[in-house]
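# Breakdown of the fold
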Amino acid sequence: MSVNAVSPSRLLAVVAPVFLILVVLPYVIDPYQTVLLSYGLIFAIAALGFNLLLGYTGLLSFGHSAYFGMGAYAVAFVVKYLKIQSMEVFLLAGILCSALVAALFGLVCVRYTRIFFGILTLALSQVLWSLVYKFFWVTGGSDGLRVPTPTLLGGTVKMAVGAGQDKLGFLSHRYYYYVLVIFCICVGVMWLIVHSPFGKALQAIRDNETRAEFVGVQVWHYRWVAFLISGSFTGLAGALWVPLNGLTTPDILHWTFSGEIVFFTVLGGFGTFAGPIVGAVVFNYLKTFAVGYTVYWQMLLGVVLVVLVLVLPAGIVGTASRLGLRFRRAEAT
Amino acid sequence: MSILKTEKLTKYFGDTHAVDHVDFTVAEGEVLALIGSNGAGKTTLVNLISGLIPPDSGQVIFKDADITAASIHRKIELGIARSFQLVNLFDKLTTLDNLALAIFSREGKTRRLFRVSDADAAVRQEALEVLHQFGLEPKARMMAGGLSQGERKLLDVAVAYALRPKLLFLDEPTSGVSTREKAPIMDIITSVVRSGRITAVIIEHDMDVVFTYCPRIVAMHQGTILADGTPEQIRSNEQVTANLLGTQTHR
Amino acid sequence: MDTLLIHLLNSLLYASVLFLIAGGLSLIYGVMRIVNLAHGNLYAFGAYTTAWAVGRILGGAPDASLALYALLPVGAVAAAALGAILEPTLLRPLYKRSEEYQLLITFGLLLILEDLMRLIWGPYPLSVSALYEGLGSLTIGESIYPTYNLIVIVVGAAAAAGLWAFIYRTQFGVVLRATSQNMRMASALGVNVNRVYVEAFTLGCFMAGLGGAIVVPQQGAVLGMGVDALILAFVVVVIGGLGSLEGALIGALMVGIVREFGITFFPEIELAVLYLMAAVVLLVRPAGLLGRA
């Protein structure tokens, strides 16, 4: 990664206050805003997974909606066919199913790079979308499948039913903290992965495929593993998303959603670790605003993406860190 | 004892015989130079042996084992490594990380997902030592993309060396480097190769470098070996001088 | 027997349009080494422009005079013009950067064009079926077949032939081929590479627009047709090889035939059969049948 190893004290200085704010937030802002932020954190998890492939392995996937959707539909199927409402089972199902699909799709896609890789990921996710659309008797077709509020922590944390039912209260408090904890775990795990020897091998593959091969790294094996991890993270996000949304439809498998994932990762800066997280959260707010403002918000997205690529390719965090570096250098002289 | 032998190794690119039924032998512990004008087939020969491209026919035998069809990964495991003519590094990783990666790979540690690479003290130590041998230790924390050309060339060789190969191919290790930097680079390379008891095959165009550092010279021309001998023998070989040395500006 | 002939004609029809789209994509890649993810939208743009232009002049009158058929290519010209504007502004700044950025910017373009067409022409399909019906139909054995479809096939074949002649028999074609094989060398020999690039891109967009223009009487212009076409075009170039026009032709024919006969016997899985075919080709010959990726 282009950012030099950040000292632990500096890292803590940034992370600690952010974490504190996130913990305190539900008591400060109204429930609707908390739910909105939950969506942001969930998309951030998806972005983290996606960026393992883009930022660290150099593979641009246009089909990540497939794994998010797989995670979401796995949850819906657990509800519909197994009649289970435990969040932990949801998460397990989501991760397993998306990992399976990622493993399969990965086998096909990672043999190819760049353009073909992008095309293949797009095409495969569209196949999945059309299958889910067509087999409506299983998947609910365009109507989708409803998912009721789950129970957390093995059934110990439930939403009150009947007269005292408060879905918004549940989602904006207990569910929010659940998502927050998982978000923190995901950030930690991904941080570990990208700083491990495996992560370095991925970056080597990104920088110079031939040389990586000649250093003894079997390129396509490593790409496949990265693909698997990436898909699983995104699938986990999908599983977290469904209870919040209450419903899953084929839209979440459509290439337009893949495009959103690409967009918010690039917005935050795919050359950094934190970029995708920031981009996802910012995008979530942007989209909520834009959708209420104009029906042509896809065009707005496209324009912003074009501007980003031409003017600000490092994204929000990338540009900020570059400016910070320049500022620190100027200070030192 | 020959560590490497090629038998009738051939590669065609369309109609051109890039490497034409070449029988090439390297003895263990040698340091030899592979010379020839552009297009003579030197890099293609190395590409065939190291596994970058498959041969059309012929065999490559490494220590009595046929490795013609072996994967690059297998060849590295067996002990063959190479550097590249156009420097091939991981530009967005630090110098230290570039080298550490080779060590991690050698040790099979690149499979490790859940351990921070910087925390592996043994690997870091070894990486720093190798960098020190190559005079690159001061630049350990710098991005590989930011090094000077000479430093990049050295790092390229260092990364291949860190794989602890038995046979090392160096493709033009001093190309693109200013004249006064060449000797220090070659000094480092030859001392490292000798102390590690590594067999080295060096592709070079600079005849000063070749005559100074390589006790054996193999000259190629149009895909075949033209001559094979000591610097004196090569210098006095008329075919070689006509085809190769005549076109070299002797500095 | 005539059902077989009809199926064959339908395959050729589909292949014609596919060839125009995929051929344009392949041409652009062959010369410039970029893949335009918005290429399908240029096909859609051609369709919409033609439908709109013809529709305005038709003014709701049921009869289509022959002169209107001459107006069909307006979509191709519009797409070409759009391409001529896009290449220097959006693509040229990125040639020196890594490929991801090209893909990202063309993806952004895809998003923009999708909504732009909705903005200009609304969310409902545009149709010019008068042109389709205006030519009547032919009797083939015991069945009748729309004459217009034959026009499409002829246009597709003419385009293939014309393109081949253009690339292999003209001065510009030589320059095009030289630049595609070795850009630096061509530049060193005095070729104005920037001009070649914009011309090649414009030509590729022209082809895509033409595909949209000639198919719109039969299918109408509908939102989302761009991305559907893009994916199909990708299947074609995967099979035929990216960068090869002959490959685009063969790929288009194969996709056309497989799809036509696939739909007849297994209507549910039409797309899946195509993807399966692409997957098989990719596994066996990664560069495509005639490609040089």
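Residues numbered from 1 in each chain as written. Chains lettered and ligands numbered in written order. Predicted model: local features only at pLDDT ≥ 70, side-chain atom pairs only at ≥ 80, totals over all residues.

### Examining the overall build of chain C
Of the regular secondary structure elements, chain C holds 13 helices and two strands. At 19 Å, chain C has a C-alpha radius of gyration in line with the 19 Å of a compact globule built from 293 residues. For the C-alpha atoms alone, the extent of chain C along its principal axes is close to 60 × 45 × 35 Å. When the 293 residues of chain C are sorted by exposure, 52% land in the buried category. For chain C, long-range pairs separated by at least 24 residues make up 79% of all intrachain contacts whose partners lie at least 6 apart in sequence. (Helix = DSSP H or I, 4+ residues; strand = E, 2+ residues; numbered from the N terminus. Rg over C-alpha atoms; globule rule 2.2 N^0.38 Å. Buried ≥ 20, exposed ≤ 12 C-beta atoms within 10 Å, placed from the backbone. Contact = placed C-beta atoms within 7 Å.)

### Some details on the overall build of chain A
The helix and strand inventory of chain A stands at 14 helices and two strands. A compact globule built from 333 residues would reach a C-alpha radius of gyration of about 20 Å, and chain A, at 20 Å, matches this within 12%. For chain A, the spread of C-alpha atoms along the principal axes amounts to about 65 × 45 × 40 Å. Residues classed as buried in chain A amount to 54% of the 333 residues present.

### Here we look at helix 13 (residues 297-311) of chain A
Think of an α-helix as 3.6 residues a turn; residues three or four steps apart then line up on the same face. Helix length check: helix 13 of chain A (15 residues) gives 21 Å between terminal C-alpha atoms against 21 Å at 1.5 Å per residue, within 8%. Taken together, the buried positions of helix 13 of chain A are occupied by A:Gln298, A:Met299, A:Leu301, A:Gly302, A:Leu305, A:Val306, A:Leu308 and A:Val309. (Expected span 1.5 Å × (residues − 1).)

### Overview of the interface of chain A and chain C
With 29 residues of chain A at the interface, the matching set in chain C holds 28 residues. Of all elements in the fold, only helix 5 (114-134), helix 11 (255-268) and helix 13 of chain A reach the threshold of two or more residues within the side of chain A that touches chain C. No other element matches the ten residues that helix 5 of chain A contributes to the side of chain A that touches chain C.

### Description of the arrangement of the chains
The top pair by number of contacts, from a total of two pairs of chains in contact, is chains A and B. The two units chain B and chain C remain apart, with a minimum C-alpha distance of 14 Å.

### What to know about the nonpolar core
Counting residues in hydrophobic clusters, the biggest one holds 292 residues, and the most contacted among them are A:Ile45, A:Val75, B:Leu99, B:Ala158, C:Leu18, C:Ala233 and C:Val236. Every residue in contact with B:Ala158, bar those within four places of it in the chain, is listed here: B:Leu99, B:Val130, B:Leu131, B:Phe134 and B:Leu136. (Core = buried A, V, L, I, M, F, W, Y, C linked by C-beta atoms within 7 Å.)

### Notes on the interface of chain A and chain B
Taken together, the 22 residues of chain A in the interface contact 27 residues of chain B. Counting residues per element, the ones that place at least two in the side of chain A that touches chain B are helix 7 (167-195), helix 8 (197-207) and helix 9 (209-214) of chain A. In terms of residue count, the dominant contributor to the side of chain A that touches chain B is helix 8 of chain A (seven residues). Taken together, the residues that form the side of chain A that touches chain B break down as ten nonpolar, eight polar and four charged. (Nonpolar A, V, L, I, M, F, W, Y, C, P; charged D, E, K, R; others polar.)

### Side note on the pairing of strand 2 (residues 143-146) of chain C
One ladder, built from four bridges, connects strand 1 (residues 137-140) of chain C with strand 2 of chain C; its direction is antiparallel. Paired with C:Ser137 across the bridge in strand 2 of chain C is C:Pro146. (Pairing = 2+ DSSP bridges.)

### Quick notes on the sheet that holds strand 1 (residues 2-13) of chain B
Residues and elements named next belong to chain B. Pairing is antiparallel across the open sheet formed by four strands, whose spatial order is 2-1-4-5. The two strands at the open ends of the sheet, each matched to only one other strand, are strand 2 (16-27) and strand 5 (65-66). Seen against the sheet, helix 1 (residues 42-50) touches strand 1, strand 2 and strand 4 (57-62) and runs at an angle of roughly 65° to strand 2. (Axes fitted to C-alpha atoms, helices over the stretch in contact; angles between N-to-C directions.)

### Some thoughts on the pairing of strand 2 of chain B
All names here are of chain B. Relative to strand 2, strand 1 runs antiparallel, the two sharing eight bridges. In the strand pairing of strand 2, Lys11 is matched with Val19. In sequence, strand 1 turns back onto strand 2 through a hairpin of two residues, with Gly14 there showing a positive phi of about 65°.

### Section: the packing of helix 11 of chain A against helix 13 of chain A
Residues and elements named next belong to chain A. Packing of helix 11 against helix 13 leaves a shortest axis separation of 10 Å and a crossing angle of 40°. The pairing of helix 11 with helix 13 is recorded here as oblique in orientation. Regarding helix 11 and helix 13, the two cross each other, and that crossing is left-handed. Across the interface between the two elements, Phe263, Val266 and Leu267 from helix 11 touch Leu301, Leu305 and Leu308 from helix 13. (Parallel < 35°, antiparallel > 145°, perpendicular 65-115°, else oblique. Left-handed = near helix turned anticlockwise from the far one by under 90°.)

### Structural notes on the sheet that holds strand 8 (residues 199-203) of chain B
Residues and elements named next belong to chain B. Pairing within the open sheet is mixed, and its six strands lie in the order 6-7-8-3-9-10. Single-partner strands in this sheet number two, and they are strand 6 (80-82) and strand 10 (224-229). Across the sheet, the mean angle separating the axes of adjacent strands is 20° when strand polarity is ignored. The pairing of strand 3 (residues 31-35) with strand 8 spans four bridges and is parallel. When the bridges of strand 8 are listed, Leu32 appears paired with Val201. Against the sheet, helix 1 engages strand 3, strand 6, strand 7 (167-171), strand 8 and strand 9 (216-221), with an angle of about 145° to strand 7.

### Some remarks on the confidence of the model for chain C
Residues and elements named next belong to chain C. Put simply, chain C has an average pLDDT of 84, and 90% of its residues get 70 or more. Helix 4 (residues 74-91) holds the highest mean pLDDT among the elements of chain C, 92, whereas helix 3 (residues 66-70) holds the lowest, 67. Reported confidences for the modelled complex are a pTM of 0.87 and an ipTM of 0.85. (pLDDT = per-residue confidence, 0-100.)

### Structural notes on the environment of C:Ala78
Here C:Ala78 shows up in helix 4. As for C:Ala78 and C:Gly209, which are separated by 131 residues in sequence, their C-alpha atoms are 7.4 Å apart.

### Some points on unusual backbone geometry
Residue and element names in this part refer to chain B. At His21, a residue that is not glycine, the phi angle is positive and equals roughly 50°. As for its placement among the helices and strands, His21 is situated in strand 2. The class for His21 is partly exposed, based on 15 C-beta atoms found within 10 Å. Residues other than glycine seldom take positive phi values, yet Asp64 does so here, at roughly 70°. For Asp64, the location among the structural elements is in the loop between strand 4 and strand 5.

### Here we look at the packing of helix 2 (residues 31-56) of chain A against helix 7 of chain A
Residues and elements named next belong to chain A. Contact geometry of helix 2 with helix 7 gives a least axis separation of 9 Å together with a crossing angle of 20°. Classed by the angle they form, the pair helix 2 and helix 7 counts as roughly parallel. Note that helix 2 runs across helix 7; the crossing there is left-handed. Of the residues in the contact of helix 2 with helix 7, the class split is 20 nonpolar, four polar and no charged.

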